[in-house]
Amino acid sequence: MNLITLGLLITAVAEGLVILGFIWKVAAKYGELKHGIESNRTDLNNAFNTLRSQIRNQDYLLQSQISHLQEHASRTSDYHPPTLRTIEGD
């Protein structure tokens, strides 16, 4: 094996190691990004679940207050809640 062939072989091995190092760094960055995305997805799902729960609670409280007001109005006056017949104009 002459000196030029040995030099080319060493250069090829060095280039191969550089490429392998680059692939390793890309794979590590991909893993980092994937973990970050999963973490963000979990955080968003938790936030949306909390928001849905709060909306349901507010809807329940609003409906409860409306029902209470209707009951109070029906007991203290001649108020009668609207029915479909009165809404349609019959």
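Now for a description of the structure that goes with this document. Treat the numbers as computed from the prediction; the structure is a model and nothing was measured. (Residues numbered from 1 in each chain as written. Predicted model: local features only at pLDDT ≥ 70, side-chain atom pairs only at ≥ 80, totals over all residues. Heavy atoms only, no water.)

Along the protein, the regular secondary structure elements total two helices and zero strands. Counting only residues that meet the buried cut, the protein has 0% of its 90 residues in that class. Put simply, the protein shows about 8,500 Å² of open surface, and 64% of that area lies on carbon and sulfur atoms. (Helix = DSSP H or I, 4+ residues; strand = E, 2+ residues; numbered from the N terminus. Buried < 20%, exposed > 50% of the residue type's maximum accessible area, 1.4 Å probe, protein only. Areas by Shrake-Rupley, 256 points an atom, 1.4 Å probe, with all protein chains shown as cover.)

What follows deals with the pattern of salt bridges. Tallied over the full model, the rule gives two salt bridges. Salt-bridge contacts for E38 lead to R41; the nearest nitrogen and oxygen are separated by 3.0 Å. Here E38 pairs with R41, and both are found in helix α1 (residues 3–76), just three residues apart, close to one helical turn. Given a relative accessible area of 45%, R41 falls into the partly exposed group. (Salt bridge = Lys/Arg side-chain N within 4 Å of Asp/Glu carboxyl O.)

Let's shift gears to a nonpolar patch on the surface. There is a patch of nonpolar side chains on the surface, built from L3, L6, L9, I10, V13, L17, I19, L20, F22, I23 and V26 and spanning about 1,100 Å² of accessible area. For L17, the location among the structural elements is in helix α1. What makes L17 exposed here is its relative accessible area of 56%. (Patch = residues over 30% accessible without salt bridge, like charges linked within 9 Å, V, L, I, M, F, W, Y side chains within 5 Å.)

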